[in-house]
Amino acid sequence: GCVFALGACQTTGSTGTTPDNRSAKIDNAMQRAALNANRSGNAGKSLTVLESIYKRKSNDEQAAIDYAAALRRNDYINRASIIMEPFATDADASSASKTEFAAIMLAKGDYKLAESYAQQAIRIDDSNAEAFHYLGVSLDAQSEHEKAERAFRKALDLWEGDPTSIMNNLALNLASQGHLDEAAEILQKAREVSPNRMEIERNLRIVTALQQSNGIPVPKPKKKPI
């Protein structure tokens, strides 16, 4: 998932109890709760909270990123694009802003623009695993399979947390290139990490069948990464 670290609330006072600071702490707690709700599947609650924060802090880049990501996950793609574009195109845009805009462009099916913004994000921060993942998906969608493979492998090297989404997409990429044994091996490992993900199980069955027959089309990585 596209979850970005929340910045710490800095104060100059020793007590940390100024009204502004108290408000910021509450906002941060709300953001954490919303992001946790989104991860746990309560997306409606997440979206409502993040919208509330964004409306009060519409010039705050992180608030925009969190709200746009929630909109994207709820399939409000055009609204997410409107929210995110001013931040992503700003001269001082962060790698995180460009990464989220790349994800939105993927969801819209604009793979060239997704590729461009993922590359911009990487130029700002070459340790941005999410950007490498989106770069891989955008390249794969344009049948640039070898370039996509390199991006997926870089994303996997840098990834923290559950890697199964990238493993799944890398395996499908390898299958598209005819590297079926390695694709099956990666999917088997992904299944060990996330045994309840039906998508992994389904793709493993398809790749296993492909190893026995060339008549089955290879599934494509999802164009709307979560």
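So, how was this worked out
Residues numbered from 1 in each chain as written. Predicted model: local features only at pLDDT ≥ 70, side-chain atom pairs only at ≥ 80, totals over all residues. Heavy atoms only, no water. Helix = DSSP H or I, 4+ residues; strand = E, 2+ residues; numbered from the N terminus. Buried < 20%, exposed > 50% of the residue type's maximum accessible area, 1.4 Å probe, protein only. Contact = heavy atoms within 4.5 Å. Salt bridge = Lys/Arg side-chain N within 4 Å of Asp/Glu carboxyl O. Polar contact = N/O pair within 3.5 Å; in protein donor to acceptor, adjacent residues only side chain to side chain. Phe/Tyr/Trp six-rings, centres within 6.5 Å; stacked < 30°, edge-to-face > 60°.

**Considerations on the side chain of threonine 164**
In step 1: Within the secondary structure, threonine 164 is located in helix α9 (residues 164–176).
In step 2: We classify threonine 164 as buried; its relative accessible area is 0%.
In step 3: Dropping the residues within four chain positions of it, threonine 164 is found in contact with Ala190, Val193, Ser194, Arg197 and Ile200.

**Re the pattern of salt bridges**
In step 1: Under the counting rule described, the total for this entry stands at eight salt bridges.
In step 2: In this structure, the salt-bridge partner of lysine 112 is glutamate 115, at a minimum N-O distance of 3.6 Å. With lysine 112 and glutamate 115 both in helix α6 (residues 111–124), this residue pair falls three residues apart, about one helical turn.
In step 3: Salt-bridge contacts for glutamate 149 lead to arginine 153; the nearest nitrogen and oxygen are separated by 2.9 Å. On the criterion of helical spacing, the pair formed by glutamate 149 and arginine 153 is a turn pair, its members being four residues apart in helix α8 (residues 145–158).
In step 4: Here the salt bridges do not stand alone but share partners, grouping Glu149, Arg153 and Glu182 into one network.

**With respect to unusual backbone geometry**
In step 1: A positive phi angle is found at aspartate 75, which is not glycine, with a value near 70°.
In step 2: Turning to its location among the elements, aspartate 75 is positioned in the loop between α3 (61–73) and α4 (77–88).
In step 3: Look at aspartate 75 and you get partly exposed, because its relative accessible area is 47%.

**Brief notes about the side chain of asparagine 168**
In step 1: Relative to the helices and strands, asparagine 168 resides in helix α9.
In step 2: Accessibility expressed as a relative area gives 2% for asparagine 168, which makes it buried.
In step 3: Within the structure, asparagine 168 has its side chain in polar contact with the side chain of asparagine 203 (distance 2.7 Å).

**Describing the packing of aromatic side chains**
In step 1: Enumeration over the complete set of coordinates arrives at two aromatic pairs.
In step 2: For the ring pair phenylalanine 101 and tyrosine 117, a centre distance of 4.8 Å and an interplane angle of 75° mean the geometry is edge-to-face. With a gap of 16 residues between them, phenylalanine 101 in helix α5 (residues 95–108) and tyrosine 117 in helix α6 connect regions that are remote in the sequence. Tyrosine 117 shares its class with phenylalanine 101; the two are buried.

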